[in-house]
Amino acid sequence: MRKVSLVVLGAALGASLVAFETKTAWLFPEGSAKAAASDTYRNLNLFGDVFEKIRSDYVEKPDEQKLVEAAINGMLGSLDPHSSYMDAKSFRDMQVQTRGEFGGLGIEVTQEDGLIKVVTPIDDTPASRAGIQSGDIITAIDEENVQGLSLNQAVDKMRGAPNTAVTLKILRGANKDPQDVKLTRAVIQIKSVREHQEGDDVGYIRITQFNEQTFEGVRNAMLKFQSEIPADKFKGYILDLRNNPGGLLDQSIAVANCFLDRGEIVSTRGRNAEESMRYNARPGDLSKGKPLVILINGGSASASEIVAGALQDHKRATVLGTRSFGKGSVQTIIPLGQNNGAVRLTTARYYTPSGRSIQAKGIDPDVIVLQDVPDEFKGKDDTKGEASLKGHLKNGEDEKGGSQAYVPPNAKDDKQLAAALDILRNGPKASNKVTAAPVNEPVKAQN
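Summarised in this report is the structure supplied together with it. (Residues numbered from 1 in each chain as written. Predicted model: local features only at pLDDT ≥ 70, side-chain atom pairs only at ≥ 80, totals over all residues. Heavy atoms only, no water.)

**Here's the deal with the packing of aromatic side chains**
(1) Moving on: Tallied over the entire structure, the rule returns 5 aromatic pairs.
(2) Moving on: When the ring of Phe-225 is compared with that of Tyr-237, the centres are 6.4 Å apart and the planes differ by 55°; the resulting orientation is tilted. You can see Phe-225 sitting in helix α6 (residues 214–228) and its partner Tyr-237 sitting in strand β14 (residues 236–240), a full 12 residues away along the chain. Accessibility assignment for this pair places Phe-225 and Tyr-237 in one class, buried.
(3) Moving on: Each residue in the set Phe-225, Phe-234, Tyr-237 and Phe-259 is aromatic and connected to the rest through ring pairs, giving one cluster. (Phe/Tyr/Trp six-rings, centres within 6.5 Å; stacked < 30°, edge-to-face > 60°. Helix = DSSP H or I, 4+ residues; strand = E, 2+ residues; numbered from the N terminus. Buried < 20%, exposed > 50% of the residue type's maximum accessible area, 1.4 Å probe, protein only.)

What follows is the structure, given as structure tokens:
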């Protein structure tokens with residue numbers, strides 16, 4: 001089973017650095033390095049021989065461009081679940097998405113056992129309005145079976161001009177009851193930050209993903225709260241990162257910096273020591289030291305975990321919810337020249353300020369609170385986490401699986417939100433009465 005996350009009409013989000021490479025020179029030292037190079041070139045000759053045989057002898061004339069792209073994808077896919085090749089169109093789509101606007105349905109999907117599985121619908125999009133749920137299995141698109149299609153091919157079929165219709169056949173619930181859902185495609189303008197006041201004393205900020213607009217959205221929300229809530233009445237902030245799949249590394253650093261005045265936010269370490277990077281907070285705590293509760297769950301990944309891990313390590317926030325996804329690697333986007341697309345390559349692991357790697361382990365919250373899951377979602381309300389992905393980067397013997405990822409659509413049923421408000425209004429000791437499991441024990445989804 002191979003899992004790769006994509007957003008419909010966009011590339012998958014993950015903590016990413018953008019690198020641009022125009023020329024690579026290979027320098028081989030004497031001795032064994034020359035022998036290794038010789039072996040590499042023999043293998044490349046083998047690839048060329050196979051490629052030529054396919055071109056000349058395959059029963060039908062093959063598309064040579066597709067052959068090359070498939071070979072590149074196979075090579076990258078053998079590394080880890082997050083390295084992949086993007087053709088020119090996919091690369092353009094990814095660039096559009098990181099700017100916060102793209103066309104489509106607004107679904108993040110993954111491939112599992114040959115079928116397309118919904119990771120999460122994006123807020124306020126055709127998918128969310130049509131009632132698409134996390135965990136839904138898409139078996140057909142406009143009556144065409146998705147079995148045998150690659151994830152990119154399936155995503156392409158869900159793409160289309162705004163105001164055109166597409167019908168998805170989905171399986172939902174424990175009985176996998178099939179149903180057809182008709183959606184109208186739209187231009188998806190992702191507002192990555194949403195905010196509102198909880199009562200008259202708490203500022204609530206939800207980040208759905210980290211794109212180029214995220215820091216500005218968070219900063220504007222904080223300034224708005226500070227202008228509308230008297231300082232002596234302002235209890236603090238709730239930062240909701242639940243089911244946030246991640247996004248741009250620089251944006252996660254900027255968001256964490258909104259609540260810090262000094263200290264390290266995150267470090268990245270590549271294969272070579274000289275490639276290590278440390279990112280430190282700049283002076284000026286935009287939150288003015290107000291208390292902060294961060295909400296996470298099994299769908300919080302990558303850039304979300306960078307923010308939660310940094311603020312947890314600095315004891316700047318109370319992290320509440322269930323264990324996060326555990327994606328502790330950074331992908332570099334490397335353009336391959338005009339019309340040749342780009343490579344998304346895992347180039348580093350990242351570490352929280354205390355030196356923790358959360359790869360395949362996730363972040364354990366300070367306060368664990370489980371949601372009450374409706375019967376129709378029981379058994380599919382959790383994520384398996386990074387540790388379950390085939391070919392994931394290993395991280396010792398104590399890897400941990402995923403956790404509950406259900407968020408009630410109605411805020412009045414949201415136990416995690418209620419617990420966060422209780423902590424802000426009544427102090428940290430309020431967490432004693434809302435903790436659903438000991439902090440150091442693995443979180444188990446309700447069945």
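**Quick notes on the sheet that holds strand β18 (residues 318–321)**
(1) Moving on: Strand order in this open sheet of 6 strands is β12-β13-β14-β17-β18-β21, and the pairing throughout is mixed. One side of each edge strand has no neighbouring strand; the edge strands of this open sheet are β12 (193–198) and β21 (367–368).
(2) Moving on: By the bridge criterion, 4 bridges tie strand β17 (residues 292–296) to β18 in an arrangement that is parallel. The residue of β18 that forms the bridge with Leu-295 is Leu-320. (Pairing = 2+ DSSP bridges.)

**Here we look at helix α5 (residues 151–158)**
(1) Moving on: Taken together, the buried positions of α5 are occupied by Leu-151, Ala-154, Val-155 and Met-158. Relative to the axis of α5, the buried residues are bounded by an arc of 100° and lie together on one face. (Arc of directions from axis to C-beta.)

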